[in-house]
Amino acid sequence: MEIPEIYCFKSESDWVATLLCQNPHFVAEKHTAMAIPMAMATPTDSVSRVLSMSSLRSALPSAASCRLPSSSSRRPVTLRLPVSSPSPLTLPSFSGLSPVNPLISIGLPDWQSFENGFKIVDGGGRIYAMRHGRRVPKLNRPPDQRKALLRGLTTQLLKHGRIKTTRARASAMRKFVDKMITMAKDGSLHKRRQALGFIYEKQIVHALFAEVPDRYGERNGGYTRIIRTLPRRGDNAPMAYIELV
Amino acid sequence: MAASVDPLVVGRVIGDVLDMFIPTANMSVYFGPKHITNGCEIKPSTAVNPPKVNISGHSDELYTLVMTDPDAPSPSEPNMREWIHWIVVDIPGGTNPSRGKEILAYMEPRPPVGIHRYILVLFRQNSPVGLMVQQPPSRANFSTRMFAGHLDLGLPVATVYFNAQKEPASRRR
């Protein structure tokens, strides 16, 4: 399934943007209600957002409120809407769910071309719009180092609960964190030993196996959340917080 | 499309601590020279002293400011959610918390493990609170929702949050 992404910053220093939704299970029934555009400029839109959000509030404590769009095939478009207003929630409105015409994108730097296969120059690394054939994120490392990096990152995330790392690493980690939590949900000795072989600190494994059934018993998958944030100063690497849901 | 682009929802501030609200007041928070935007990273050493908070509004309106940490002691196990850092009531609009009544003295952020969110919530008061509220018995296990309900404050009018983590003991070379 598609996980579309939107960047949005309210002022030039406010970057916290989107939810990489891990939880297709929780596609809300209020999907049609949320087809209202995400514009928050007008009070009526805020009110409608308040109404539909309050009806979803029962779902909030246990689930990340997350909806997938009805149009499933949508190319990932980075849409930036800079606003200079003081209130944190006002944004210029844009028209609903129609795909954004790149010709009228607002304030968007670095549009190279407008065909379907355009490339986005993003902070030095070239990213194409498609992901054909890319199975494993390589993280610029040989396989042994890559495995060690991911083991270390999952250990730290399970230990601290929220860590800040680069976006590529955070999105590569998700799979392994979910695997560890699934093993803990299973709870058998074999799974415990497998987890001990992956996680560097054994206290963390034991704590994980003790606490996961209570915490994630009802949740099916999607145990992490990624929040994008400001790029790193030294090398402008895009950073993200990854946290356990 | 993502569920919401509001940073308070993305950072789960609305959900863990607050309910969905429409901001009706402006609040600008400064720790020293640094202006706080949602989700920015602040070092605990810059947050030792209470921040400068400028609240919009008329001077005949009274506001309440609360600063909490929902990730105490650790974001993976928030047993002591929320840890309350600062409560100031009866702040006249258009001024700052030094003109209000400080119910609970400011405590600096001291995250032991992980990256904690520190949330500053502003409520509009319907009437002067004065002696109706005393200090909470302990800073742990505070509930902003219950506090607002107890004082009949309703929904917040402004919120901002920042992240902080423990600084390494020795400076990295």
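Each chain carries its own residue numbering, running from 1 in the written order of its sequence. Labels follow written order: the first chain is A, the first ligand is 1, and so on. For this predicted model, a pLDDT threshold of at least 70 governs which residues receive local features, and a threshold of 80 or more governs which side-chain atom pairs are given and counted, while totals over whole chains, interfaces and linings are taken from all residues. Calculated side-chain values reflect all of the structure's heavy atoms, with hydrogen atoms and water omitted.

Can you lay out the overall build of chain A for me, pointing to particular residues and giving the numbers?
Strands are runs of DSSP state E lasting at least 2 residues, helices are runs of H or I lasting at least 4, and numbering of each runs from the N terminus. Looking only at helices and strands, chain A features five helices and five strands. Helices (α) and strands (β) of chain A occur, in sequence order from the N terminus, as α-β-β-α-β-α-α-α-β-β. Counting all 245 residues of chain A, 42% fall into the buried class. Every residue pair with non-hydrogen atoms within 4.5 Å of one another is taken to be in contact. Sequence separation of at least 24 residues holds for 61% of the intrachain contacts in chain A that already meet a minimum separation of 6. Between buried and exposed lies partly exposed: a residue is buried under 20% and exposed over 50% of the maximum accessible area for its type, with that area taken using a 1.4 Å probe on protein chains only.

Outline empty space enclosed by the protein, supporting the account with residue identities and numerical values.
Put simply, the grid is 1 Å and covers the protein atoms alone, a cavity is a trapped set of points that fit a 1.4 Å probe, a pocket is an open set with protein on both sides within 12 Å along at least five of seven lines, and lining residues have an atom within 4 Å of a point. Grid points are joined across faces, edges and corners, and a volume is the space filled by probe spheres set on the points. A complete count under the given rule lists nine cavities of 30 Å³ or more for this structure. Estimated volume of the second largest cavity: approximately 80 Å³. Around the second largest cavity, the lining comprises ten residues; the ones closest to its centre are Ile227 and Tyr241 of chain A together with Gly11, Tyr161 and Asn163 of chain B.

Could you give me a rundown of the packing of helix α2 (residues 143–160) of chain A against helix α3 (residues 167–186) of chain A, with the residues and numbers involved?
Residues and elements named next belong to chain A. Interaxial distance between α2 and α3 falls to 9 Å at its minimum, and their mutual angle equals 70°. In terms of their interaxial angle, α2 and α3 are classed as roughly perpendicular. When you trace α2 past α3, the crossing you get is right-handed. Touching Leu149, Leu150, Leu153, Thr154, Leu157 and Leu158 of α2 are Arg169, Ala172, Met173, Phe176, Val177 and Met180, all from α3. Residue polarity follows a fixed list, in which Ala, Val, Leu, Ile, Met, Phe, Trp, Tyr, Cys and Pro are nonpolar, Asp, Glu, Lys and Arg are charged, and the others, Gly among them, are polar. Class assignment of the residues belonging to the contact of α2 with α3 gives a composition of ten nonpolar, one polar and one charged. Orientation is described by axes fitted as lines to C-alpha atoms, over the contacting stretch for helices, and by angles from 0 to 180 degrees between their N-to-C directions. For this classification, under 35 degrees means roughly parallel, over 145 means roughly antiparallel, 65 to 115 means roughly perpendicular, and everything else is oblique. Crossing handedness follows the turn of the near helix against the far one: under a right angle anticlockwise gives a left-handed crossing, and clockwise gives a right-handed one.

Can you tell me about the nonpolar core, naming the residues and giving the values?
Residue and element names in this part refer to chain A. Only buried Ala, Val, Leu, Ile, Met, Phe, Trp, Tyr and Cys residues count toward a nonpolar core, and they belong to the same one when joined by side-chain atoms within 4.5 Å. In this structure, Met173 and Met180 are the most contacted members of the largest nonpolar core, which totals 29 residues. Residue assignment for this core shows that the elements contributing at least two residues are α2, α3, α4 (189–198), α5 (202–216) and β5 (239–244). By residue number, the principal contributor to this core is α3, which donates eight residues.

Talk me through the sheet that holds strand β1 (residues 27–31) of chain B; I want residue IDs and the actual numbers.
Residues and elements named next belong to chain B. By definition, two strands form a pair when at least two bridges between them are found by DSSP. Reading across the sheet, the three strands line up as β2-β1-β4 and stay open at both edges, with antiparallel pairing between neighbours. Only two strands of the sheet have a single partner each, and these edge strands are β2 (34–35) and β4 (52–55). Both β1 and β4 contribute to a ladder of four bridges, which runs antiparallel. Bridged to Met27 within β4 is Ile55.

Describe the sheet that holds strand β3 (residues 40–41) of chain B, with residues and values.
Residues and elements named next belong to chain B. With mixed pairing, six strands are arranged side by side in an open sheet as β3-β9-β8-β5-β6-β7. Across the chains shown, the open sheet's two edge strands, defined by having one partner strand only, are β3 and β7 (101–104). Two strands pair when backbone bridges link them, and strand β6 (residues 83–92) and β7 are joined in this way by three bridges, in the antiparallel orientation. Looking at the pairing, Val89 lines up with Lys101 of β7.

Just give me the short version of the packing of aromatic side chains, but keep the residues and values in it.
Two measures describe an aromatic ring pair: the distance that separates the ring centres and the angle between the ring planes. Residues and elements named next belong to chain B. Any Phe, Tyr or Trp ring, taking Trp's six-membered ring, that has another such ring centre within 6.5 Å forms a pair; planes under 30 degrees apart are called stacked, those over 60 apart edge-to-face, and the others tilted. Using the criterion set out here, one finds six aromatic pairs over all chains in the structure. For the ring pair Phe31 and Phe162, a centre distance of 5.4 Å and an interplane angle of 75° mean the geometry is edge-to-face. Taken together, the residues Phe31 in strand β1 and Phe162 in strand β9 (residues 158–165) connect sequence positions 131 residues apart. Both residues of the pair, Phe31 and Phe162, count as buried.

How would you sum up the pairing of strand β4 (residues 224–229) of chain A? Please name residues and give values.
The side chains of a regular strand alternate, first on one face of the sheet and then on the other. Residues and elements named next belong to chain A. For β4, the tally of buried residues reaches six of six residues, placing the bulk of the element in the interior. Of the two faces of β4, the one lined by Thr224, Ile226 and Arg228 and the one lined by Arg225, Ile227 and Thr229 are each fully buried. Of the pairings in the sheet, the one linking β4 to β5 comprises six bridges and is antiparallel in character. Opposite Thr229, over in β5, you have Met239 as the bridge partner.

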